[in-house]
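Structure at a glance
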Amino acid sequence: MTEKKIRVLVAKPGLDGHDRGAKVVARALRDAGMEVIYTGLRQTPEMIAEAALQEDVDVIGLSILSGAHMALVPRVLELLKEYGMEHVKVFVGGIIPDEDVPALMELGVTGVYGPGTLTEDIIRDIHNALSIAPAA
Amino acid sequence: MNLTTDVLAGKRLALARLLTHIENGTPEGRAALDELFPHTGRAHLIGITGAPGTGKSSLVNQLARFYRHPANGSAPRKVAVVAVDPSSPFTGGAVLGDRIRMRDLAGDPGVFIRSMASRGALGGIAIATAGVVQAFDAAGYEIILIETVGAGQAEVDIARLAHTTLVVEAPGLGDDIQAIKAGILEIADILVVNKADRPGVENTERALKNMLQLAHPTRRVFHHHGQVMMVEAPAAPQPEAQLWIPPVLRTVATEGEGIAELTEQIARHGTFLRQTGDWNRRERVRLQNELDTLLQAALVARWRATLPNGRYGEILERLVARELSPRQAVEALLAPQPSNLATP
């Protein structure tokens, strides 16, 4: 049992009150054979970047419902860069207005998902993103 | 970059990367562990096991906090946490949720938490957990807290790895028959009754204490049909001072209650192990186990390489067809082949 597993951090930055969506995604990624580290509600960008470093994840999934994504996402990306973890693919899910998506992609986010997204699509996108640039 | 040098220099990204190599069993991971091995053997390895929901993660959170901010004014210790959760037997995936209870430790560079999936191992820890612990030890972490998967009765591998094993119980989980069964309670160096603010804590504590009394009899006075009777314990095999009797402690991990006493007992157990020579004996047994396991794997691999192509599959087919019993299949495989008959 020593093959490479895809490790994913599912994190909720900010002050969201619930984490149903994040849990559904965590469960779906588990069923796709990934190792999902779930850290719970109300994480700061610092906590998320630190957990990503310690857990050496390939992917971070940020779930944000509060509307604070344009503040939280850039900060997480900045910290990852600071820690030397630019190779980590960052996905964002939650309530993200369409007009913010291009800006997030521009910042280096790999994918943005709203309500109604099929978990199969997320799984496929993770596989694609990692085979294009597999973790060293 | 050289992984080993960077890990020894305290670079956290290198350590995180090394842990992944160790988990995946890569040649780089093995080579780094070989190089790091002389730097290991300094940390106090503390195992935390118990049934799901007894509060292991919360207890680990509090213990780590205490070691980082000792109440008695002693220097903070570097703490590593290895938290194991189960992998799915069907997909191999896992949700590792132990960090949720460890948020108090965020932002402290003296703490490193790593979640591990059990990846099919059934003993409560993963196969690679020992390697991960060695890496932390070499990287200078003085206290290594190893949290097992939620363990039922027989997941006792942690006792072979850790110096001090805490078995965590909570009120209301079982009657006193559970306490006299073989298995997990036998490996406890310290018994923790967590959630001690819940009703039924006295019963749980009493059941555990009675269990210990049976295991470590001393001279006892008891009442039997109204008569006071004295019973001498049978002569202990070792002198009394050499015997560790596991203490039973109450904690409320969410409130931090009982944590100072718990760390005191952990330290006392460490001192006990060193004074009695048990520390070295445990290390010796552990390393011997590791040697034997690796040796077996290497011998099987070497032997498999000498097997003529298709021979294994052929025997397996005959086994599946029930022409051979499993034991006969082994004998057939080990029997000298006409092609490479050894001279007697």
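Treat the numbers as computed from the prediction; the structure is a model and nothing was measured.

1. Topic: the sheet that holds strand β1 (residues 7-11) of chain A
With respect to topology, six strands assemble into an open sheet ordered β5(A)-β4(A)-β3(A)-β1(A)-β2(A)-β3(B), the strand pairing being parallel. Looking at which strands have only one partner, the edges of the open sheet turn out to be β5 (111-113) of chain A together with β3 (94-96) of chain B. The mean inter-strand angle of the sheet, taken between neighbouring strand axes irrespective of direction, is 20°. When strand β4 (residues 89-94) of chain A meets β5 of chain A, the two strands line up parallel, connected through three bridges. Its bridge partner being in β5 of chain A, F91 of chain A is matched across the sheet by G111 of chain A. Most of the contacts of helix α1 (residues 20-31) of chain A go to strand β2 (residues 35-38) of chain A, to which it runs at about 155°, and overall it touches β1, β2 and β3 (59-64) of chain A together with β3 of chain B. With respect to the sheet, helix α2 (residues 45-55) of chain A is in contact with β1, β2 and β3 of chain A, its orientation differing from that of β1 of chain A by roughly 165°.

2. So, the packing of aromatic side chains
Residue and element names in this part refer to chain B. Taken as a whole, this structure holds five aromatic pairs over all chains when the rule is applied. Ring centres of F112 and Y141 lie 6.3 Å apart, and the angle between their planes is 75°; on these two criteria the pair is classed as edge-to-face. A residue pair is termed long-range when its members are at least 10 positions apart, and F112 in strand β4 (residues 111-117) and Y141 in the loop between α5 (129-138) and β5 (143-147) qualify at 29 residues. Across the pair, exposure class does not vary: F112 and Y141 are buried alike. Measuring from ring centre to ring centre gives 5.4 Å for F136 and Y141, while their planes differ by 85°; the resulting arrangement is edge-to-face. One exposure class covers both F136 and Y141, and it is buried. Among the aromatic residues, those joined into a ring-pair cluster are F112, F136 and Y141. A cation sits over an aromatic face here: R274 above W279, 3.9 Å from the ring centre.

Rules and cut-offs
- Residues numbered from 1 in each chain as written.
- Chains lettered and ligands numbered in written order.
- Predicted model: local features only at pLDDT ≥ 70, side-chain atom pairs only at ≥ 80, totals over all residues.
- Heavy atoms only, no water.
- Pairing = 2+ DSSP bridges.
- Helix = DSSP H or I, 4+ residues; strand = E, 2+ residues; numbered from the N terminus.
- Axes fitted to C-alpha atoms, helices over the stretch in contact; angles between N-to-C directions.
- Contact = heavy atoms within 4.5 Å.
- Phe/Tyr/Trp six-rings, centres within 6.5 Å; stacked < 30°, edge-to-face > 60°.
- Buried < 20%, exposed > 50% of the residue type's maximum accessible area, 1.4 Å probe, protein only.
- Lys NZ or Arg CZ within 6 Å of the ring centre and 35° of its normal.

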